[in-house]
Number of protein chains: 2
Amino acid sequence: MPLPQTDDGIFRYVSVERHILERIESGELLPGERIPSLRALGTRLGVSVSTVNQAYMALERRGVVEARPKSGFFVRSRPDRPPAPRPSRLPAKPPTAINRGALIREVLGGMGRRDMVPLNVAQTDESLLPTRQLSRLLAKVATAGGESVVGYEGVFGNLGLRRQIAWRLVEAGIEARPEDIMITSGAMEALYIALRSVTRPGDNVAIAAPSYYCFLQLLENFGLRAVELPSHPDGGVRPADLAAALDRFDIKVVILTPNFNNPDGARIPDPAKAEMTAMLTARGVPVIEDDVYGDLYFDGGRPRCLASSDTEGYVLHCSSFSKTLAPGFRVGYLLPGRYAAKAFEIKATTNVCCATPTQIAVAEYLSQGGFERHLRKIRAVLERQARIMEERILRSFPPGTRVTHPGGGTVLWVQLPEAVDSIALFYEAKAKGIGVAPGNIFSSCDQFSRFLRLSYGNVWTPVVDEALTTLGRLAAAQAEGAGLPKDDDCPKHNP
Amino acid sequence: MPLPQTDDGIFRYVSVERHILERIESGELLPGERIPSLRALGTRLGVSVSTVNQAYMALERRGVVEARPKSGFFVRSRPDRPPAPRPSRLPAKPPTAINRGALIREVLGGMGRRDMVPLNVAQTDESLLPTRQLSRLLAKVATAGGESVVGYEGVFGNLGLRRQIAWRLVEAGIEARPEDIMITSGAMEALYIALRSVTRPGDNVAIAAPSYYCFLQLLENFGLRAVELPSHPDGGVRPADLAAALDRFDIKVVILTPNFNNPDGARIPDPAKAEMTAMLTARGVPVIEDDVYGDLYFDGGRPRCLASSDTEGYVLHCSSFSKTLAPGFRVGYLLPGRYAAKAFEIKATTNVCCATPTQIAVAEYLSQGGFERHLRKIRAVLERQARIMEERILRSFPPGTRVTHPGGGTVLWVQLPEAVDSIALFYEAKAKGIGVAPGNIFSSCDQFSRFLRLSYGNVWTPVVDEALTTLGRLAAAQAEGAGLPKDDDCPKHNP
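All figures in this text were calculated on a predicted structure; none of them were measured in a lab.

Definitions and limits used
- Residues numbered from 1 in each chain as written.
- Chains lettered and ligands numbered in written order.
- Predicted model: local features only at pLDDT ≥ 70, side-chain atom pairs only at ≥ 80, totals over all residues.
- Heavy atoms only, no water.
- Helix = DSSP H or I, 4+ residues; strand = E, 2+ residues; numbered from the N terminus.
- Buried < 20%, exposed > 50% of the residue type's maximum accessible area, 1.4 Å probe, protein only.
- Contact = heavy atoms within 4.5 Å.
- Areas by Shrake-Rupley, 256 points an atom, 1.4 Å probe, with all protein chains shown as cover.
- Pairing = 2+ DSSP bridges.
- Axes fitted to C-alpha atoms, helices over the stretch in contact; angles between N-to-C directions.
- Phe/Tyr/Trp six-rings, centres within 6.5 Å; stacked < 30°, edge-to-face > 60°.
- Lys NZ or Arg CZ within 6 Å of the ring centre and 35° of its normal.
- Expected span 1.5 Å × (residues − 1).
- Buried area = accessible area lost by both parts, 1.4 Å probe.
- Salt bridge = Lys/Arg side-chain N within 4 Å of Asp/Glu carboxyl O.
- Polar contact = N/O pair within 3.5 Å; in protein donor to acceptor, adjacent residues only side chain to side chain.

Peer 1: It is not clear to me how the overall build of chain A should be interpreted in this structure. Could you clarify?
Peer 2: A tally of helices and strands in chain A yields 16 helices and 16 strands. The buried share of chain A, reckoned over its 495 residues, is 64%. Sequence separation of 24 or more characterises 76% of the internal contacts of chain A that already satisfy a separation of 6 or more. As displayed, chain A has an accessible area near 18,000 Å², and 52% of this comes from carbon and sulfur atoms.

Given below as structure tokens:
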């Protein structure tokens, strides 16, 4: 069992926890069976007896095992898993104008502050990224490059990089030629260009609820109206809900994050993705696909994309290397499909093209072939951190708390008990130096006012651990107080 | 007389030409006086007799001097200068919807093609930029940097770079704190963010005619309407014309390039700039200032900006290092003034922030203090190239051709005789491997259909020289053909 790069006591004992959980899940250890003694497992895994003991006690708290006096620990009959949050109750609601800007600015205000515990930032910890290697490559590129490094790239970007990306997309089942790919300043710019390519102010846009708040900000900024489609933590947006919304409203474009939707971590099953692509193609409705977490799956191999079954160019596929390589290099990409001419014009009049040196450095990195090995490493660390954080939430938060069990990505979506208000919790946490993202910013209406998004992308440290305990205590205090009942649907006065 | 970096025969004899012109303009050589003999001047300037002879013949063709048999060359009584183009005859016209996209795409299609003579590209030749120094600094930054080079910058950009920019702005009379400055991906992105910060679709925008075509593309893309203000090559947009337009139309924002307007090279006098800033401030109308050529003045010191007298934050000042340091680094900046919160939101939802390493490299470059020396060098080269190109146009183009005599920047604006159509000329030139920018793309109506914009930013070579001769021949052929008279005002059917 390889221990993760940033090893500490917590990691070590969580590794032991995982080891036991895996043996239970695989059927090697059956309900009612005794699990290995502290000493036996400690020797086998090369950890101390007290570490194994910590792990077993955590498993007991989670209800996975039970201690029997003088006999050791036994697998419980029905291991409990933290219950998943309920999906939004409503099907597609009428188009809604969006006004989340002020709240989102407030939340973003705390970002990047070194004095905050950044549970609000959905990114991979810098220490997990191949920083030294990329810096070396950038230095090499700069030394060798001359005019080609200082001069403009074409509007669509560096050709060598586009070749590497085309090659990588094969793994996600996407056939693209280098000339089909536009390099963008991160996935955010890909989304921005895609959205502007297919909408005019006043248009209706179908979008998952919950969705990444920057999508909502973009819609708000461009005067677009949201038709929200419920996302289910166990399968994302359902084809039937999409079909119903398309029947009922004049929808100009759909925005989806089919792999590990931010914030609920939902993954749309691959057959449902193909069904949706076919449905949208038949109706001639474009779909913007955000696949920024697609490479960060925990098991089962690379998930497919909407673009994997796109034959007519209606899927505008967006992604980046910001979560996996170097956020500050601002290298993302867009497959604009049939909207390439419009996308070209928008890129040219937004910023002409992307910075040249970082494009070449990423192309160099990809061509050296170590990317997949690097991804395996961060996937393993992220999965571990997700499971630790789930466990901590179960332990520290008030009864009635539900949490997702994502199969990839970098965030957990936490549903708090009735009396808890996530905006109030946001401010209380901020006062304690903890950054969290309150549920309200992930939808155009207030259906997620009891939710929090917590990022496990940051390396696990005692400070993070302590922050979760504090958060749990704050939530519990709210739950115990006299909270008014919350309406978790859209306010009725919304258009 | 220092000869320019990229010396060749043409440069050498043009230097001689300039030397004589300067002595005439300073009054040292008076009309009717004999100018130095070929041999005397050749010895003094260290060039051959035949070089001086070439220069004198060119001066004769320009009508500056005349040859008298067996006596030598004499200063003519009234030296002719190439006549400047007439400004547009109309004052501000009613707001016009813009539809130049298709034509602009056609023109842009030829850009970056290595097989074309790029007289259409308004940029500084890469060989004039401090490429090696910047590459070295980028390599140094990459080697030293670690996480800070690979990680995100804040939305407003690298603080060290903003400090350097604040310092430089003092020279242009602009007082800005680092926190007032947002780093953008070139000046294009600064303009895009500025425009989105202050407009909604359908708004009227006052803009100079002619103006950089990317501004018109931006207006078209955002559904904005142009109120065109005539730009005069000898003083740009006049305060009185601006005032009249503000009185007559509901103008939401003004876009101006007060220093060396692209394409007509016009510079608004500094007092007129201050007058306009005061006028707009009093009316509460924002103005977007593009100052991308402000550092490329030929004489008289750094021109002021609209922002130099801005006290209330109504000026959104945009610039970049793309014309002076490294276009491919994509480092520009915006002073968003009172619209900072909106600009922040737009930057965050467009691409979050700019690439980190190139920002740090430019900051390093600026902190080393060689920028001003570098600027002096490229200013001198650009001025020389401008004067050569003016002379070539006078020599090669048909009678009736007028050309600007800019005090900075990188482009000439050429007015062709009545029968010549610049779109036809654009296609004819393209067929001969010469890229030019036809006048029509610089306005929302067809008032510039007899104009060409030619860039002298590229290093002067025999290929460029030959291209100008070819262009002149093509224009002359059109002028001699049976050309229909052209209406150089807006078509009457325009709204």
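Peer 1: So what exactly am I meant to see when it comes to the sheet that holds strand S5 (residues 204-209) of chain A here?
Peer 2: In any sheet, the strands associate via hydrogen bonds between backbone groups, in a parallel or an antiparallel arrangement. All names here are of chain A. The sheet built from eight strands is open, its strands ordered S4-S11-S10-S9-S8-S5-S6-S7 with mixed pairing. At either end of the open sheet lies a strand with only one pairing partner, and these are strand S4 (182-184) and strand S7 (236-237). Examined bridge by bridge, S5 and strand S8 (residues 251-256) share four bridges and lie parallel to one another. When the sheet's bridge partners are listed, Ala-206 is paired in S8 with Val-254. Strand contacts of helix H8 (residues 186-198): S4, S8, strand S9 (287-290), strand S10 (315-320) and strand S11 (332-335), with the helix running at about 160° to S10, the strand carrying the most contacts. Along the sheet, helix H12 (residues 340-350) makes contact with S4 and S11, crossing S4 at roughly 35°.

Peer 1: What's the story with the packing of aromatic side chains in this structure? I'm lost.
Peer 2: The geometry of an aromatic ring pair comes down to the distance between the two centres and the angle between the two planes. Evaluated as defined, the whole model comprises 31 aromatic pairs over all chains. Seen in terms of ring centroids, Tyr212(A) and Tyr213(A) are 5.1 Å apart; in terms of plane orientation they differ by 55°. Their pairing is tilted. For Tyr212(A), a relative accessible area of 22% puts it in the partly exposed group. Between the aromatic rings of Tyr56(B) and Phe73(B), the centroid separation amounts to 5.1 Å while the plane-to-plane angle is 70°, which identifies the pairing as edge-to-face. Separated by 17 residues along the polypeptide, Tyr56(B) in helix H3 (residues 49-61) and Phe73(B) in strand S2 (residues 72-75) bring together distant segments of the chain. Like Tyr56(B), the residue Phe73(B) is buried in the burial classification. An aromatic cluster is built from Tyr212(A), Tyr213(A), Phe215(A), Trp413(A), Phe442(A), Phe448(A) and Phe451(A), whose rings are joined through pairwise contacts. Above the plane of the ring of Phe74(B) lies Arg68(B), whose end atom (NZ or CZ) is 4.0 Å from the centre. In this structure, Arg338(B) is placed above the aromatic ring of Tyr314(B), and the distance from its NZ or CZ to the ring centre is 4.0 Å.

Peer 1: Would you mind showing me how to read the side chain of Glu17(B) here?
Peer 2: Topologically, Glu17(B) is positioned in helix H1 (residues 9-25). Apart from residues lying up to four places away in sequence, Glu17(B) is in contact with Ala55(B), Ala58(B), Leu59(B), Arg62(B) and Glu391(B).

Peer 1: Is there a simple way to explain helix H8 (residues 186-198) of chain B in this structure?
Peer 2: The α-helix advances 3.6 residues per turn, and as a result positions three or four apart in sequence lie on the same side. The end-to-end C-alpha separation of H8(B) is 19 Å, in line with the 18 Å expected for 13 residues at 1.5 Å each. Counting buried positions along H8(B) gives 13 out of 13 residues, so the element sits mostly inside the fold.

Peer 1: Mind showing me how you'd approach the interface of chain B and chain A here?
Peer 2: Where interface size is given, it is often the accessible area lost as the parts come together that is meant. Counting residues at the interface gives 47 residues for chain B and 47 residues for chain A. Of the roughly 4,300 Å² buried between chain B and chain A on both sides combined, carbon and sulfur atoms contribute 60%. For the chain B face of the interface with chain A, the top three residues by lost area are Val150(B), Tyr152(B) and Thr349(B), together amounting to 16%. In this structure, the connection of chain B to chain A is made through zero salt bridges. Run the count over chain B and chain A and you get 17 residue pairs in polar contact (both at pLDDT 80 or more). Elements represented by at least two residues in the side of chain B that touches chain A include exactly helix H5 (131-145), helix H6 (147-150), H8, helix H9 (213-221), helix H12 (340-350) and helix H13 (356-367) of chain B. Looking at the side of chain B that touches chain A element by element, the count peaks at six residues for H5(B).

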